[in-house]
Amino acid sequence: MKFIGEFIMLFGIWLLLTWSLAPAQVIAGVVVTLLVTGLAGDIFVFKASRAFNPVRIFWMIVYIPYFLWYVVLANLDVAYRVIHPDLPIRPGIVKIQTSLNTDMAKTFLANSITLTPGTLTVDIKENELYIHWIYVHGKDVKEWSEAIAGRFEPILRRIFE
Amino acid sequence: MFWDTLGYIIIVVGVAFDLLGCIGLVRLPDVYNRLQAATKCVTLGTAFLLFGVFLVYGVNAIGIKALICAGFVLIASPTGSHALARGAHKGGVKLWEGSVIDTYADENKLN
Amino acid sequence: MIDILIYILVFSSALCIYRMGRGPTPPDRAVALDILGTLMVGFCALIALTTGKDFYINIAISWALLSYVAAIALAKFLERKSFDE
């Protein structure tokens, strides 16, 4: 089941990339996709029952514009700090805690944090993330977690857990 | 015509973000801050540029490939910069002297 | 008009190369290289826009993949570990 899901996904990407239905292209695509799923299929974290669940797909579609809005805000923020003649920065590395459990959810949380206002993930250990923050405010782990990860965790939990 | 105009506007915004990111790369004081500015601005700038190409060409070979490339850049670039930040910190590069806190170094000393 | 955009990207690449030559520590140079790779992807997209040839987008995709792999390998190198860990 897992291999069938991976095969469909990879073959779809192949068809989009070549953008033709000529027999030679399709046969080459099937051969290459079978090779890749056979050799590296075990590495990929994929559960077909989760990936094709309509509720999760709905929340994924909600998540994309929400996330892009924060990415644009992040860019305006960083652009302001870069152009300002005094460089208003107060950097530091802080520790935050997350309640997400699956690897996929943590990966997406870390990537989202890297692309949003002034924060960059440095390392992940179990449920703790180390974040480089360009303008540190707040005092303890709880406040930092709320400020950095609070706005993504509810939606990511609905998508991946 | 409308989609062409929108596509060119998005391309101009993307190139402007690219330029700002590279200015940040030169102006900011240490490697972590540079990574912040450069990763955010250049990743979004390039993704916007590719999305603008998709809007100009519409659904055909070039447009779809540009869209897939934009998605790939948005996923891969933060991961790469995260790996670079971790490598720099483990390799012993100190934070800028104006930094206020470094819990990561404290934790690593305890272990 | 696209000429102006290409000149702006050339100027951005020059800033990256300045940081690559100047950078006080090795990670600075690695970061500049990574960013230069992402800029080149945008460059290929602009050239595809002016010429209308689709193989420039293929170059952009493979350049993005290669620059990602290079960033991971450089990070391992900076961490002073061997590659199979």
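So, how was this worked out
Residues numbered from 1 in each chain as written. Chains lettered and ligands numbered in written order. Predicted model: local features only at pLDDT ≥ 70, side-chain atom pairs only at ≥ 80, totals over all residues. Heavy atoms only, no water. Pairing = 2+ DSSP bridges. Helix = DSSP H or I, 4+ residues; strand = E, 2+ residues; numbered from the N terminus. Axes fitted to C-alpha atoms, helices over the stretch in contact; angles between N-to-C directions. Contact = heavy atoms within 4.5 Å. Patch = residues over 30% accessible without salt bridge, like charges linked within 9 Å, V, L, I, M, F, W, Y side chains within 5 Å. Areas by Shrake-Rupley, 256 points an atom, 1.4 Å probe, with all protein chains shown as cover. Salt bridge = Lys/Arg side-chain N within 4 Å of Asp/Glu carboxyl O. Buried area = accessible area lost by both parts, 1.4 Å probe. Polar contact = N/O pair within 3.5 Å; in protein donor to acceptor, adjacent residues only side chain to side chain. Nonpolar A, V, L, I, M, F, W, Y, C, P; charged D, E, K, R; others polar. Phe/Tyr/Trp six-rings, centres within 6.5 Å; stacked < 30°, edge-to-face > 60°. Parallel < 35°, antiparallel > 145°, perpendicular 65-115°, else oblique. Left-handed = near helix turned anticlockwise from the far one by under 90°. Core = buried A, V, L, I, M, F, W, Y, C linked by side-chain atoms within 4.5 Å. Buried < 20%, exposed > 50% of the residue type's maximum accessible area, 1.4 Å probe, protein only.

Re the sheet that holds strand β2 (residues 119-125) of chain A
Spatially, the 3 strands line up as an open sheet ordered β1-β3-β2 (chain A), and their pairing is antiparallel. Looking at which strands have only one partner, the edges of the open sheet turn out to be β1 (92-97) and β2 of chain A. Within this sheet the neighbouring strands show an average axis-to-axis angle of 30 degrees, counted without direction. Of the strand pairs in this sheet, β2(A) and strand β3 (residues 128-133) of chain A are connected by 6 bridges, and their pairing is antiparallel. Across the sheet, Leu120(A) pairs through a bridge with His132(A), a residue of β3(A). Packed onto the sheet, helix α3 (residues 61-90) of chain B meets β1 and β2 of chain A and runs at close to 70 degrees relative to β2(A).

Focus on a nonpolar patch on the surface
Residues and elements named next belong to chain A. A grouping of Leu10, Ile13, Ile27, Val31, Val32, Leu35, Val36 and Leu39 is seen on the molecular surface, where their side chains present a nonpolar patch of about 720 Å² in accessible area. Of all the secondary structure elements, the ones that give two or more residues to the nonpolar patch are α1 (2-18) and α2 (23-40). Considering every element that reaches the nonpolar patch, the biggest residue donor is α2, with 6 residues. Its place among the elements puts Val31 in helix α2.

Focus: the interface of chain B and chain C
Note on interface size: it is often stated as the accessible area lost on association of the parts. Counting from both sides, the interface comprises 40 residues of chain B and, opposite them, 44 residues of chain C. With both chains or domains summed, chain B and chain C bury close to 3,600 Å², and 79% of this area falls on carbon and sulfur atoms. Sorting the residues of chain B by area buried against chain C places Leu25(B), Lys65(B) and Leu84(B) first, and these three jointly supply 15% of that buried surface. Our count for the chain B to chain C interface comes out at 1 salt bridge. Linking Arg34(B) and Asp28(C) is a salt bridge whose minimum nitrogen-to-oxygen distance equals 2.4 Å. The interface formed by chain B and chain C holds 6 residue pairs in polar contact (both at pLDDT 80 or more) in total. Going through the elements one at a time, α1 (2-27), α2 (31-57) and α3 of chain B are the ones with two or more residues in the side of chain B that touches chain C. Element by element, the count of residues in the side of chain B that touches chain C is highest for α3(B), at 16 residues. Of the residues that constitute the side of chain B that touches chain C, the class distribution is 29 nonpolar, 6 polar and 5 charged.

Observations regarding the packing of aromatic side chains
Residue and element names in this part refer to chain B. Taken as a whole and judged by the stated rule, the model has 9 aromatic pairs over all chains. Ring geometry for Phe51 versus Phe54: centroids 5.9 Å apart, planes at 40 degrees, classification tilted. Placement of the pair is Phe51 and Phe54 together in helix α2, with a separation of 3 residues, close to one helical turn.

Quick look at the packing of α1(A) against α2(A)
Residue and element names in this part refer to chain A. Following both chains from N to C, one finds α1 and α2 inclined at 140 degrees, their axes separated by 9 Å at the closest point. Overall, the two elements α1 and α2 adopt an arrangement that is oblique. Taken as a pair, α1 and α2 cross one another with a handedness that is right-handed. Contacts between α1 and α2 involve Phe3, Glu6, Phe7, Leu10, Phe11, Trp14 and Thr18 from the first element and Gln25, Val26, Ala28, Gly29, Val30, Thr33, Leu34, Val36 and Thr37 from the second. Of the residues that constitute the contact of α1 with α2, the class distribution is 10 nonpolar, 5 polar and 1 charged.

Things to note about the interface of chain A and chain B
Contact residues are listed per partner, giving 40 residues for chain A and 45 residues for chain B. Summed over both partners, the interface of chain A with chain B comes to about 3,700 Å²; 70% of that surface belongs to carbon and sulfur atoms. Applying the counting rule to chain A against chain B returns 1 salt bridge. Across the salt bridge formed by Arg86(B) and Asp123(A), the nearest N and O atoms sit 3.1 Å from each other.

Quick notes on the pattern of salt bridges
Pairs can form between side chains of opposite charge once their charged atoms are near each other. All names here are of chain A. Tallied over the full model, the rule gives 3 salt bridges over all chains. Across the salt bridge formed by Asp77 and Arg81, the nearest N and O atoms sit 3.4 Å from each other. Remark: Arg81 and Asp77 occur in helix α4 (residues 54-83); sequence separation between them is 4 residues, near one turn of the helix.

Let's talk about the nonpolar core
Counting residues in hydrophobic clusters, the biggest one holds 53 residues, and the most contacted among them are Leu50(B) and Leu46(C). Broken down by secondary-structure element, the contributors of at least two residues to this core are β2 of chain A, α1, α2 and α3 of chain B together with α1 (2-22), α2 (26-51) and α3 (55-78) of chain C. Residue contacts for Leu50(B): discarding those within four places in its chain leaves Ala66(B), Cys69(B), Ala70(B), Val73(B), Val41(C) and Ala45(C). Judged by nonpolar contacts, the second largest core, of 26 residues, contains Ile113(A), Ile148(A), Phe152(A) and Ile155(A).

Brief notes about the packing of α4(A) against α2(B)
Packed helices, taken two at a time, are described by their axes: the angle between them and the distance between them. One way to put it is that α4(A) packs onto α2(B) with a least axis distance of 10 Å and a crossing angle of 130 degrees. Between α4(A) and α2(B), the angle is such that the two are oblique. At the point where α4(A) passes α2(B), the crossing takes the left-handed sense. For the pair formed by α4(A) and α2(B), the contact residues are Val71(A), Val72(A), Ala74(A), Asn75(A), Val78(A) and Val82(A) on the first element and Ala37(B), Lys40(B), Cys41(B), Leu44(B) and Phe48(B) on the second.

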